[in-house]
Amino acid sequence: MQPAPSAEPAAPNRPKVGLFATCLVDLFRPNVGFAAVELLEAAGCDVDAPEGQTCCGQPAWNSGDRKGAAEVARRMIEVFEPYDYVVLPSGSCGATVKKDYVEILRDDSDWLPRAQALSDKTFELITFLTEIRGVEGVNAQFDGVVTYHDSCSGLRSLGVKDQPRQLLSSVDGLRLREMEDAEVCCGFGGTFCVKYPDISNRMVSNKTDNIAATSADLVLAGDLGCLMNMAGKLSRQGRPVKARHVAEILAGMTDEPAIGEPQRGSEKRK
Amino acid sequence: MTAEPKSSQFKSAASEALQNPRLQAAMKASGGLAVRRAAAIAEIPEFEAIRDAGRDLKNHTLANLDAYLLAFEEKALESGAKVHWAADAEEARAIILKIVGRHAKGPEGKARVNKGKSMISEEIGLNSALEAAGHHVLETDLGEYIIQLRGEPPSHIIAPAAHVSKPDVEADFRAAHTHLDPERTFPDAASLVHEARHVLREQYFGADVGITGANMLIAETGQGVIVTNEGNGDLSQILPDVHIAVASLEKVIPTLDDASTILRLLARSATGQSLSSYTTFYKGARRQGDLDGPKEMHFVLLDNGRSEMLAGEFREMLRCIRCGACMNNCPVYRAVGGHSYGWVYVGPMGSVLTPNFVGIKEGRHLPNASTFCGRCQEVCPVRIPLPGLMRKLREAEFEQKLSPQTARYGLGVWRWFAKRPALYHRMSSIGMRALNWLSGGHGRLKRLPFGGGWTAHRDFPAPAKRTFMAEWKARKAAKSQGDDQ
Ligand code: SF4
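Treat the numbers as computed from the prediction; the structure is a model and nothing was measured. (Residues numbered from 1 in each chain as written. Chains lettered and ligands numbered in written order. Predicted model: local features only at pLDDT ≥ 70, side-chain atom pairs only at ≥ 80, totals over all residues. Heavy atoms only, no water.)

**Description of helix 10 (residues 166-176) of chain B**
In an α-helix, one turn spans 3.6 residues, which is why side chains three or four residues apart end up on the same side. Residues and elements named next belong to chain B. By the burial criterion, the buried members of helix 10 are D168, V169, D172 and F173. Buried residues of helix 10, seen end-on, are gathered within an arc of 135° and therefore sit on one face of the element. Turning to helix 10, the residues buried within the fold contact helix 2 (21-29), helix 9 (142-150) and helix 11 (189-204). (Buried < 20%, exposed > 50% of the residue type's maximum accessible area, 1.4 Å probe, protein only. Helix = DSSP H or I, 4+ residues; strand = E, 2+ residues; numbered from the N terminus. Arc of directions from axis to C-beta. Contact = heavy atoms within 4.5 Å.)

What follows is the structure, given as structure tokens:
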């Protein structure tokens, strides 16, 4: 079973937030997880990342394996039930927990109410900051031009569109230059990109063309899957544009090299 | 049999399409529909409310489909039309062949058949059946005419020749219209349209039978409705002695008022027009004293799997009004074109319809070849949850064990670990450290064990040395140790 969520009792008015890092952040980009912690703490939350978390179950759900998805969903519901809020640095996994769990467990009368309760308190990181915590700006600095890719699930299932732009506009020195077709899919699509590599390649090539046309230094997004896809293509094409999760910029945690960039001597985080 | 499906070859067809520069150029040139739709919808603030009304209207009709179909039949009979019910494609073809044969005026019982654009006719493979019986078939919609000359199926439900470029059309016309001056030039697209109009006009009057589809059937009045931009449908149905309208069951709607709701959605979603150039309501045969109209009028109402869909999980798909907005906005369709889908219906709506009609085994690629980006659902005028329906098809595929072995096996392993957090974190830590090591500090991998699909086209960003959870645990432990001291 999962350990007690937090050793100390939450301070008054400091909600207990369970951070669901998501499997991609856990495995490939821990810096995004720590950036999320930083932003959440700055927004007055007590943050814990419960050890019982693994993956939200989307790979099974999108592969038609309802039973497998339900097994994973039940586990994650259990793990995150003790928290006031559950926050994910991903619109895609966020949508799975918030929108799909109730559908996955629709025929399970014991678990459906628990799925619904979890849905009600689950949020994508940036919308949680702006809409639940009322954050209007951040204390960060970035000197350069960025462009922002609207990841599909965040945009269409959770309405993530203006919130990241609003917070980015408060970053000192940052200039946002919108790309054409920012709302068009980058071609990641989970297993889609390996099942249909040629189609995916065309989609990500269109995307990197649009990114490059802005002459931005950096492309940002709220989902690591899309970012790894775009970063991998940009690097293969030898384009100079770098890629980062929007939380890294908002938290001012850019010591870590950008996604897919060579690591510096030793791991150093502030 | 319906038209022969080739959907099982989607993957290779798509890869070929991506390598075909002419197709890619034509697809780029036909990209304006999505832009025009967006502009037309921005013009009317109440569009979202009309979408709701359209969805509700269709849902209501589908819930009472039997009653509305019978009401339609009654009114149509009253107006002098004949109504035929066809359970499947074969029955529909047989009914139509019989009528056409009866009215053939050519030698040896061969008829001249003029056709307006009809997807149902494509679905039932009507042209080849008519031609096999020796009849002469002429498609009168410009796009359909072009693909008829080329011997191709449509690649889009409203723009059947979306895949053909202007130089290709020019070559087709020169090859087909040998009676015209070989020295003529085609300075622009309009000159091609002009020539097609000229050639087609000559042939309108000699037809024995006109066959069209129907965008709607109105139960209240027994009317059919067709929507075109060329007026060819009207000429096909008015001029010959016999008019056959072939339509699927879900085309029926209750009243004329309801038709106006659908029309407001249809043209804006399809072409960005507020209304198509021609919207024709037709009814029955020519009455005494009428100046024109067919002497005989037939409705052929096709089921072909619809009643099964009505009873099952895919009922919502029957709301479709065939506007094409989902494909115009689909990044997969825009990349690979309609022919890759291997059957009559293409793009997101085809990815749901095709497996329903030709079987999940044949059509399994189509609902899988989606990132679930959701643009189709976002633009669908009758709010069909297309990605959700595709996911249901994946579920059916998974349950029937039709998905590839490797994928099923991989999922099984993943599931086993996902339910065992301690083991999951230990194994993933080891795996990520290995990948990190493989990257040799370059931050990326050019090649990946088991990930050729990824690294064929892009680098793979290498993971950090430590996973988030491992690092989090370490920091937490350090912190609590600090607290203890
Ligand atoms: S599914 Fe919706 S968007 Fe696609 S053709 Fe049908 S009505 Fe139009």
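**A few points about the site of the ligand**
The environment of the ligand is made up of 14 residues, and the closest members are C320, C323, G324, C326 and C380 of chain B. When the residues that make up the shell around the ligand are grouped by side-chain class, the tally is twelve nonpolar, one polar and one charged. (Near = heavy atom within 4 Å. Nonpolar A, V, L, I, M, F, W, Y, C, P; charged D, E, K, R; others polar.)

**A word on the packing of aromatic side chains**
By convention here, two paired aromatic rings are described through the distance between centres and the angle between planes. On inspection of all chains with the given rule, the structure shows 21 aromatic pairs over all chains. Residues F34 of chain A and W472 of chain B carry aromatic rings whose centres are separated by 6.4 Å and whose planes lie at 35° to one another, so their mutual orientation is tilted. One end of the pair, F34 of chain A, is in helix 2 (residues 30-42); the other, W472 of chain B, is in helix 25 (residues 468-484), on a second chain. The exposure class of W472 of chain B is buried, given its relative accessible area of 11%. Both rings, one in F123 of chain A and one in F128 of chain A, keep their centres 5.9 Å apart while their planes meet at 45°; by these two values the pair is tilted. A residue is classified by how much of its surface remains accessible, and F128 of chain A, at 0% relative accessible area, is buried. Through pairs of rings, three or more aromatic residues link up here, namely F192 and Y196 of chain A together with F10, Y333 and Y341 of chain B. Across from the ring centre of F123 of chain A, 4.4 Å away, lies the NZ or CZ of K98 of chain A, which sits over that ring. Above the ring of Y345 of chain B, the side-chain terminus of R322 of chain B is found at 4.9 Å from the ring centroid. (Phe/Tyr/Trp six-rings, centres within 6.5 Å; stacked < 30°, edge-to-face > 60°. Lys NZ or Arg CZ within 6 Å of the ring centre and 35° of its normal.)

**Describing the pairing of strand 6 (residues 223-228) of chain B**
Regular strands have side chains that alternate between both faces of the sheet. All names here are of chain B. Among the six residues in strand 6, six count as buried, and that is most of the element. Both faces of strand 6 are covered, namely the face carrying Q223, V225 and V227 and the face carrying G224, I226 and T228. In the sheet, strand 5 (residues 216-218) pairs with strand 6 via three bridges, with the strands oriented antiparallel. Its bridge partner lying in strand 6, M216 is registered against V225. As judged from the five bridges shared by strand 6 and strand 9 (residues 278-282), these two strands associate in the antiparallel manner. Looking at the pairing, T228 lines up with Y278 of strand 9. (Pairing = 2+ DSSP bridges.)

**Some details on the sheet that holds strand 6 of chain B**
Residue and element names in this part refer to chain B. With respect to topology, four strands assemble into an open sheet ordered 8-5-6-9, the strand pairing being mixed. The two strands at the open ends of the sheet, each matched to only one other strand, are strand 8 (252-253) and strand 9. Across the sheet, helix 13 (residues 256-271) lies against strand 5, strand 6, strand 8 and strand 9, angled at about 165° from strand 5, the strand it touches most. (Axes fitted to C-alpha atoms, helices over the stretch in contact; angles between N-to-C directions.)

**Looking at the confidence of the model for chain A**
All names here are of chain A. Mean pLDDT for chain A: 92, with 93% of residues reaching 70 or above. The model gives residues 1-8 a pLDDT under 50, and that stretch makes eleven contacts with residues more than four places away or in other chains. Scored below 50 in pLDDT, residues 266-270 shows twelve contacts in the model against residues more than four places distant or in partner chains. (pLDDT = per-residue confidence, 0-100.)

**Remarks on the packing of helix 17 (residues 347-358) of chain B against helix 21 (residues 386-399) of chain B**
Residues and elements named next belong to chain B. The interhelical angle for the contact between helix 17 and helix 21, taken along N-to-C directions, is 30°, at an axis separation of 9 Å. Of the two elements, helix 17 crosses helix 21, and the hand of that crossing is left-handed. Across from P348, M349, S351, V352, P355 and N356 in helix 17, the residues of helix 21 making contact are L386, L389, M390 and L393. (Left-handed = near helix turned anticlockwise from the far one by under 90°.)

**Examining unusual backbone geometry**
Residues and elements named next belong to chain B. Despite not being glycine, R322 shows a phi value in the positive range, around 60°. Although it is not a glycine, K401 sits at a positive phi angle of roughly 55°. Assignment of secondary structure puts K401 in the loop between helix 21 and helix 22 (405-418).

**Some thoughts on the interface of chain B and chain A**
How big an interface is tends to be reported as the loss of accessible area on association of its parts. Across the contact, 67 residues belong to chain B and 73 residues belong to chain A. Roughly 6,300 Å² is buried in total at the junction of chain B and chain A, and carbon and sulfur atoms are behind 57% of that figure. On the chain B side of the contact with chain A, H457, R458 and F468 of chain B bury the most area, a combined 12% of that side's loss. Inspection of the region where chain B meets chain A yields seven salt bridges. (Buried area = accessible area lost by both parts, 1.4 Å probe. Salt bridge = Lys/Arg side-chain N within 4 Å of Asp/Glu carboxyl O.)

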